[in-house]
Amino acid sequence: MGNLPRHAESLSDDDINKLWECDQLGPNTPESILNTLWWNNTVHFGIRSVKPHNDMRWGDVSLHVDNEGKEFLQFRERQSKTCQGDNLDHAHNIYPKAWATNDERCPVNLYKRFADLRPSDYSSPDSLFYLATNCKDASHSHPWFKRQPLGVNKLGTIMKRMAKSAGLDNRRFTNHSAHKYLVQKLADQNIPPTEIMQISGHRNVQSINSYSNISMDCHRVISNILSSNNDQPGSLLPPSHTAAASASERQRYVESTSERCHLLWFIALHFLGSNIWGNNQCELLWFRCKATSSHR
């Protein structure tokens, strides 16, 4: 067992902050711009493996303005002879979008900066999205980007190189870590799995569950529950969490309070899973949670 390869770790918000502080992410150098473009394309648009990143064209991402006058980027992957139908790395039911935040991490401003710095004659819709850098920092007078693609090997090791430069190389971070961050971040904010799927490109809820880990705060609460011998009606545990529990028992518990519902959903998802409740019951519980919260 000790020789099995470890899975890629998800990044935390503190890890992301460290990458920004160390100029691994941001608009200040050619490499940090490419790193941030890759990060935004992964997290906001759900692009997973190296190939779809490498296949991206400049015209796949477009700038728009919504009905409130706010700018946003939209990803719409154009199918080509080599990238069609079932061969796509992900399946989106919507066109993923990234809205402007008007701060130093604004994805729209970063996109505009890249548009200004890339060769003007290499910005047609069919031009490659990721370009090789022409210099390492902003002190050079040369153009920042070349008229040639970023190497596929360099594209495939972006996260590993960023982690090493930021002093985070003592943990297993790979490009896959960014996609895990996307799923974990949304799950921690109680975004339903069916909605996460529309951004991440996963085809089923089970895939989402395998990406998401229990948050530290929720784990702490669950630990306190499991350490308690309080069997009073006010307990956060369900009245019966066995396979024999009736549908009416579960429904009465779910309708008690929204806080209990959200906590129980995490317990069912991460600890009980399909062995006790099954995926359909877990999904039903989630939507009960949302309905209860909206009517409080």
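These remarks concern the structure in this document. Bear in mind the structure is a predicted one, so any value in this text is a computation, not a measurement.

### Details of the overall build of the protein chain
Of the regular secondary structure elements, the protein chain holds 13 helices and five strands. When the 296 residues of the protein chain are sorted by exposure, 42% land in the buried category. Pairs at least 24 residues apart make up 63% of the contacts formed inside the protein chain by residues separated by at least 6 positions. With an accessible surface of roughly 16300 Å², the protein chain has 48% of that area assigned to carbon and sulfur atoms.

### Some words on the environment of Gly 59
If you trace the backbone, Gly 59 turns up in the loop between helix 3 (50–55) and strand 1 (61–65). When the C-alpha positions of Gly 59 and Pro 125 are compared, they lie 3.8 Å apart, and in sequence the two are 66 residues distant.

### Let's talk about the packing of helix 2 (residues 30–43) against helix 6 (residues 158–165)
In contact at an axis separation of 11 Å, helix 2 and helix 6 are set at 125° when each is read in the N-to-C sense. Accordingly, the angle class assigned to the pair helix 2 and helix 6 is oblique. The handedness of the crossing between helix 2 and helix 6 is left-handed. Across from Glu 31, Asn 35 and Trp 38 in helix 2, the residues of helix 6 making contact are Ile 158, Met 159, Arg 161 and Met 162.

### Details of the pattern of salt bridges
All chains considered together, the criterion is met by eight salt bridges. Measuring nitrogen to oxygen at the nearest pair gives 2.8 Å for the salt bridge that ties Asp 13 to Lys 185. With Asp 13 in helix 1 (residues 13–21) and Lys 185 in helix 7 (residues 175–188), this residue pair connects regions lying 172 residues apart in the sequence. Classification of Asp 13 as partly exposed rests on a relative accessible area of 37%. Judged by relative accessible area, Lys 185 falls into the partly exposed class, the value being 32%. Between Asp 55 and Lys 51 there is a salt bridge whose closest N-O contact spans 2.6 Å. Separated by four residues within a single helix, Asp 55 and Lys 51 lie in helix 3, roughly one turn from each other. Residue classification places Asp 55 among the partly exposed positions, given a relative accessible area of 25%. The network of salt bridges with shared partners includes Glu 9, Asp 15 and Arg 171.

Here is what the cut-offs are and how they apply
- Residues numbered from 1 in each chain as written.
- Predicted model: local features only at pLDDT ≥ 70, side-chain atom pairs only at ≥ 80, totals over all residues.
- Heavy atoms only, no water.
- Helix = DSSP H or I, 4+ residues; strand = E, 2+ residues; numbered from the N terminus.
- Buried < 20%, exposed > 50% of the residue type's maximum accessible area, 1.4 Å probe, protein only.
- Contact = heavy atoms within 4.5 Å.
- Areas by Shrake-Rupley, 256 points an atom, 1.4 Å probe, with all protein chains shown as cover.
- Axes fitted to C-alpha atoms, helices over the stretch in contact; angles between N-to-C directions.
- Parallel < 35°, antiparallel > 145°, perpendicular 65-115°, else oblique.
- Left-handed = near helix turned anticlockwise from the far one by under 90°.
- Salt bridge = Lys/Arg side-chain N within 4 Å of Asp/Glu carboxyl O.

So yeah, pure geometry; function would need other evidence.
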